[in-house]
Every structure is written in structure tokens, then in C-alpha cells.
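Chain and residue survey
Each chain, written out:
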Amino acid sequence: MSKKLIIAIDGPAGSGKSTSAKLVAQKLKYLYIDTGAMYRAVTLFALRNNLMGQNQLISELTKNLDIVLEFIDGETKITVNGEDVSNEIRSFEVNSNVSEISAIADVRKILVKKQQEMGKNGGVVMEGRDIGTVVFPNADVKIFLTAGIDERAQRRALEFSEKGTNIPVEKVKENLKNRDFIDSHRSSSPLTKSPDSILVDTSNTTIDQQVELIIAEVKKAETK
Ligand code: DC
């Protein structure tokens, strides 16, 4: 039987991480872990309870949140204190506030610990912003996906419209640029490519090509 590896996939929003990470996990029969969903869940909690800006309080309350992440029928299911919030965490409002929450160092500490626990036995494809740098710096395969801003904005706008919300591409683009800036300039584990990760530009590749490329890297790592 082949080794159960840890595969880290990082990159900015709309770079194709989720789509390719899910397919890679499916092919390898690995667990898919969407860490962004956890930051989104804390954001939703903060918004609903009017806590935005009260970072210390948010961190305190996050400690006691029971966040459960599962992958069912090809979709991420996330519950907070037993309530399924899988759809609500994808709203435009959460999108607009999640970078502020994920910049809180204490919130990151709590969620990173949970992520390390979930992935420690291997057999996981974990996607996020800091997986190869902070969560699993010794991951067996590290991929950094990227794509041009226009391409990423088109993809996100299409995702919203498929879910019945029409947001102009320009507005999505502004939101992405803003998130990119905050995510990569925050002091606590900013989005950055670790020198030992493999850079994959998805602007002009098909999903199948991205998946093949990642699987090829996994095969190489399996024999190491
Ligand atoms: O992957 P996503 O768009 O669902 O992530 C939502 C936000 O969460 C993103 O703007 C940055 C943050 N995030 C993070 O800081 N670290 C992670 N490991 C995953 C996501």
C-alpha cells in the first residue's frame, strides 16, 4: 500500500485551489480539507453577533466554537455548534469580511491547531493560504496555485451567478484585490509562496491539466 501523504495546496482566491484539490483528493481517496471554510465560519459567527472589530472577544469565543468540517457528496459541509452553515459562509458579506477575521493572530492559532490535528495521520489534501508554510511546513507535496486577477474574478463571478446571485465582475474583482492585499500583507502568516512549493499558474490550464500535474507530483513523492 502506498504511503499516506500530506498534500498542501495554497494560493489566492479564485486560483482554482478548491476545484483541483477536491478532484485530487477524490482520485487518491484522500480526505479533502478546505481550511478557508473554517475562517469563513468564524466570520459568519462574528457578523451575526455584531462582533466585527472586537478581535480579543472574537478570539475568546472562537476557542469555544465547535467547528466540524466534513466532506460529503463532493461538497464541504461545515457546522458550528451543530448548525449547518455550509451555504451561508459563501455569501458576499462573508467574502467581504473574512480577510479581517483571518488576520487575527489568535484566531489563526486556534484554527491552525485544529487543522494540524485533522491532517496529522496523512492521507489529506489540505487547501488554504498557509498550509505549506505554517500548518504543515513538512508536507510531502506543496503546490502554490496562481492565476491572473481577471481570470480569477471571472471564475468567482460565475460561481456566484450559478448560485443565483449576480454580482458585476468589476465588483468581484475589487473584492478579490482587497482580499489579496490583506491576506498577503497581514503580520500573522501572510499568504506567501514557500520556496520549496511548486508554482502552478492556472490562467491557461484546464482543470484536468492542473489535477494531472498535482497527481504527478504526488506519485514522485510516494516513491521518496
Ligand atoms: O479559500 P477561501 O477563499 O474560502 O478563504 C477565505 C479567506 O480565509 C481568505 O480570504 C483568507 C483566509 N484563509 C486564511 O487566511 N488561511 C487559510 N489557511 C485559509 C483561508
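Residues numbered from 1 in each chain as written. Predicted model: local features only at pLDDT ≥ 70, side-chain atom pairs only at ≥ 80, totals over all residues. Heavy atoms only, no water.

What about the site of the ligand?
Inspection of the region around the ligand gives 15 residues, with Arg40, Arg108, Asp130, Arg179 and Arg186 positioned closest. Between the ligand and Asp130 there is a distance of 2.8 Å, counted from a nitrogen atom to a side-chain nitrogen or oxygen. Across the complex, the protein chains shield 98% of the 450 Å² of accessible surface that the ligand would expose by itself. Secondary structure elements with two or more residues in the shell around the ligand: helix 2 (35–48), helix 4 (92–102) and helix 8 (169–185). Residue composition of the shell around the ligand, grouped by class: two nonpolar, five polar and eight charged. (Near = heavy atom within 4 Å. Polar contact = N/O pair within 3.5 Å; in protein donor to acceptor, adjacent residues only side chain to side chain. Areas by Shrake-Rupley, 256 points an atom, 1.4 Å probe, with all protein chains shown as cover. Helix = DSSP H or I, 4+ residues; strand = E, 2+ residues; numbered from the N terminus. Nonpolar A, V, L, I, M, F, W, Y, C, P; charged D, E, K, R; others polar.)

Regarding the packing of aromatic side chains
Counted by the stated rule, this structure contains two aromatic pairs. Ring geometry for Tyr32 against Phe71: centres 4.9 Å apart, planes inclined by 65°, an arrangement best described as edge-to-face. Remark: Phe71 occurs in strand 3 (residues 67–72) and Tyr32 occurs in strand 2 (residues 31–34); sequence separation between them is 39 residues. On the accessibility criterion, Phe71 (28% relative accessible area) is partly exposed. A ring pair is formed by Phe92 and Phe160, whose centres lie 5.8 Å apart and whose planes are at 70°; its orientation type is edge-to-face. Of this pair, Phe92 sits in helix 4 while Phe160 sits in helix 7 (residues 149–162), placing them 68 residues apart in sequence. (Phe/Tyr/Trp six-rings, centres within 6.5 Å; stacked < 30°, edge-to-face > 60°. Buried < 20%, exposed > 50% of the residue type's maximum accessible area, 1.4 Å probe, protein only.)

Regarding the sheet that holds strand 8 (residues 198–201)
Strand order in the open sheet formed by five strands is 2-6-1-7-8, with parallel pairing between adjacent strands. Whereas interior strands pair on both sides, the edge strands pair on one side only; in this sheet they are strand 2 and strand 8. Each strand axis lies, on average, 20° off the axis of its neighbour in the sheet, ignoring direction. Taken together, the four bridges between strand 1 (residues 6–10) and strand 7 (residues 141–146) define a ladder with parallel strand orientation. Within strand 7, the residue paired with Asp10 across the bridge is Phe144. (Pairing = 2+ DSSP bridges. Axes fitted to C-alpha atoms, helices over the stretch in contact; angles between N-to-C directions.)

Regarding the packing of helix 1 (residues 17–28) against helix 9 (residues 207–222)
Remark: helix 1 packs on helix 9, axes separated minimally by 9 Å, with the N-to-C direction vectors making an angle of 50°. Taken together, the axis directions place helix 1 and helix 9 in an arrangement best described as oblique. In this structure, the crossing between helix 1 and helix 9 has a hand that is right-handed. Listed contacts from helix 9 to Thr19, Ser20, Leu23, Val24, Lys27 and Leu28 of helix 1 are Ile207, Gln210, Val211, Ile214, Ile215, Val218 and Lys219. (Parallel < 35°, antiparallel > 145°, perpendicular 65-115°, else oblique. Left-handed = near helix turned anticlockwise from the far one by under 90°. Contact = heavy atoms within 4.5 Å.)

Looking at helix 4
Within the sequence span of helix 4, burial applies to Val94, Asn95, Asn97, Val98, Ser99, Ile101 and Ser102. Looking at the buried residues of helix 4, the elements they touch are helix 2, helix 3 (55–63), helix 5 (105–119), helix 7 and helix 8.

Some thoughts on the pattern of salt bridges
Tallying each qualifying case throughout the model produces 16 salt bridges. The shortest N-O distance in the salt bridge between Asp180 and Arg152 comes to 2.6 Å. Of this pair, Asp180 sits in helix 8 while Arg152 is found in helix 7, placing the two residues 28 residues apart along the sequence. Here Asp180 and Arg152 have matching classes, each one buried. Its salt-bridge partner being Glu222, residue Lys219 comes within 3.7 Å of it at the nearest N-O pair. (Salt bridge = Lys/Arg side-chain N within 4 Å of Asp/Glu carboxyl O.)

As for the sheet that holds strand 5 (residues 83–84)
Spatial strand order, 3-4-5: three strands in an open sheet with antiparallel pairing. If you trace the sheet from one side to the other, it starts and ends with strand 3 and strand 5, each paired once. Sheet analysis places strand 3 next to strand 4 (residues 75–80), joined by six bridges and oriented antiparallel. Within strand 4, the residue paired with Glu70 across the bridge is Lys77. Across the sheet, helix 2 touches strand 3, strand 4 and strand 5, and the angle it forms with strand 4 is around 40°.

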